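# A look at the structure
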Amino acid sequence: MRWTTTLIPTLKEDPADAETVSHKLLVRAGMIRQVSRGIYDYLPLALKVIRKIETIVREEMDRAGAQELLLPIASPAELWQESGRWEVYGKELVRFKDRHERDFCLGPTHEELITDLVRRAVRSYRELPFNLYQIQTKFRDEVRPRFGLMRGREFIMKDAYSFHATVEDCRREYQVMFQAYNRIFTRCGLKFRPVEADTGAIGGTLSHEFQVLADSGEDAIVSCNSCEYAANALKAEVKPQRLSGRNLTESAPPVEKVSTPGKKSVAEVAEFLGLAPDRFIKTLVYKAGEGELVAVLVRGDHEINDLKLKTVLGCENVTLADEQEIERKAGVPPGYIGPIGLRLRAVADQAIQGMRGAVTGANEANAHLVEVDQERDFTPSAFADLRLATAGDPCPRCDHGALESHRGIEVGQIFYLGKKYSEAMGATYLDAEGRERPIEMGCYGIGISRLAAAAIEQNHDGNGIIWPFSIAPVPVLLLPINYKEEKSRDVIDRLYAELSSRGIAVLLDDRDERPGVKFKDADLIGIPLRVTVGAKGLERGCVEARWRRDGRTEDIPVAEAASRIESLVREGMKL
RNA sequence: CGGGGCGUGGCGCAGUCUGGUAGCGCGCACGCUUGGGGUGCGUGAGGUCACCGGUUCAAAUCCGGUCGCCCCGACCA
């Protein structure tokens, strides 16, 4: 691969429309160009990276026993109507009509298509289990595409679906995929963490996300500093804690109403009364399901986890009620609502149980109550884990660990789906007794193009990208200081040929540019091993190898260059 | 969906308030120079100022509309 015959339009300056490191660097390194919002061209260097990742994914999926196939991108509305997602999916699903006015959509994911295929092809338990995967371009009309390849509307994804006769077998496959994913992301040279995850719109009951650790990540995750527990912050459980001082007050003082004019938020009232936020019981009013208003109680320093609330209330959607609605139904303006005497059903976070000496809204404007004692003064309809876990919380799985928080980029997710799609779409098999049963399913995704961006977020410096060897466009960059100079050119050309014949892919910077320009571009595009050939080195009979990651250099005698470089590359691939 | 910002040679920007000759840096082409971290000098090409309409003798600039792109937010009482 020669630079002069490859399209690598590098840029000196950051593009004006890019915000994140990976977006800026991908554009500056001449790897991607935006076509429309969330839609990009993949230039030759980027495609090389994508192909590297795909190869690793294919190898590990095949090793795990999955089979590759390819489903269409366009699918007819009927299949989506059958699963119910035609209505549920919303605007993210791009729909269109063909010339006969029939409805179609572009696949944002392929449960419907694969389930349709399998139900038409499989009859017996003897044909199960199997796992089918594809690597394909997906389209989701995201509300807010952003950050280059990180959240595009069009993106490349590997999606796999497995089919089983029994729950146990499906869970076994889940573990197989879990291991395969660990291998894949390890081989891609990423620092990542599998975390327990919510199953979201896809449904199902068991799921892990694979999160690449990066401060710029969109997802908050927590992990235990002592055991293996890690979860998406939205999913993370909160361990019930014994209240300290709960039994200290034998005879609690009576509830007292205090005036708090204009003070509504916990922070305001806490400052006004000179009390810590964790002494407060915060009352939020949600609109649940059919429009019922429900009061949700959490400690003043805690935040409600909508996901947990949905589960506890047993409804699909919960939103904070608006002000007018609250005043109408509860007779109190928000800010002064409290559990005592409230005319709404109330559910409480477990941390509320047994609270004493607490501060709550008084259910009248400009007043709060102090010295509230939960057991004595009010009883919510239920106590449950309703809050968001935060750093410092005790680990829900082990005895002595505490949770740390991190940011992550989700590059993969695996789900146990169960019968959700097979039941909706009638994908069944006959068991050994001749009974018809719905097939057990799992699904497993990897964001290939996002992974490339995540790798950069995690591997870059002020000068550019630092690709891990395994997913670099090529492992070696040959850089002649002056390609026009005959002696250097001979050495370089010979090295290029020798490395190529050894199966080492090489990019040769054969441009007639100043050395400085070539060095800058080399750093920018992030090829892991740079081999510089110039008159100075050749006087000593040497070429110079330099690692992009740490700047380490090594002089190599010309005669040994090819074999030495080959072994350096092999070594690098192992890391 | 709400709020904010931007749209001027390939890229990054100034010019717009206060209408009149479209400018800078980088890049590009050519020549000389230089040759181990974006070399120096010179010459030159390249722009319907996002689009449509209006005001005006005259519009990148003022007015109206449209489109595109970027960022933030969607109510923690």
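The sections below set out a description of the structure shown in this document. Since we're looking at a predicted model, the values are computed, not measured.

Thresholds applied
Residues numbered from 1 in each chain as written. Chains lettered and ligands numbered in written order. Predicted model: local features only at pLDDT ≥ 70, side-chain atom pairs only at ≥ 80, totals over all residues. Heavy atoms only, no water. Near = heavy atom within 4 Å. Polar contact = N/O pair within 3.5 Å; in protein donor to acceptor, adjacent residues only side chain to side chain. Helix = DSSP H or I, 4+ residues; strand = E, 2+ residues; numbered from the N terminus. Buried < 20%, exposed > 50% of the residue type's maximum accessible area, 1.4 Å probe, protein only. Pairing = 2+ DSSP bridges. Phe/Tyr/Trp six-rings, centres within 6.5 Å; stacked < 30°, edge-to-face > 60°. Lys NZ or Arg CZ within 6 Å of the ring centre and 35° of its normal.

Looking now at the protein's contact with RNA strand B. Arg144, Pro334, Gly335, Arg514 and Asp523 are the nearest of the 47 residues found near RNA strand B. For RNA strand B, the backbone makes up 53% of the atoms found within 4 Å of the protein, where backbone means sugar plus phosphate. Within the backbone of Glu513, an N or O atom sits 3.1 Å from a base nitrogen of RNA strand B. Within the contact set of RNA strand B, a base oxygen lies 3.1 Å away from a backbone nitrogen or oxygen of Gly537. Per-element tally for the surface near RNA strand B: the top contributor is helix H14 (residues 515–525), with 7 residues.

Moving on to the pairing of strand S15 (residues 292–299). Of all 8 residues that make up S15, 7 are buried, and the element is covered over most of its length. Sheet topology places strand S14 (residues 281–288) next to S15; 8 bridges connect them, and they run antiparallel. From the neighbouring strand, Thr283 faces S15, where its bridge partner is Leu297. Remark: 3 residues form the turn of the hairpin made by S14 and S15, two consecutive strands paired antiparallel; Gly289 in that turn has positive phi of roughly 45°.

Time to look at the packing of aromatic side chains. Within this structure, the stated rule accounts for 9 aromatic pairs. Aromatic pair Trp80 and Tyr89: ring centres 6.1 Å apart, planes at 70°, arrangement edge-to-face. Both rings, one in Phe185 and one in Phe210, keep their centres 5.5 Å apart while their planes meet at 35°; by these two values the pair is tilted. One end of the pair, Phe185, is in helix H6 (residues 167–187); the other, Phe210, is in strand S10 (residues 206–213), with 25 residues separating them in the sequence. Of note, Arg171 hangs over the ring of Tyr416, and the distance from its end group to the ring centre comes to 5.1 Å. The side chain of Arg511 reaches across the aromatic face of Trp3, ending 3.9 Å from its centre.

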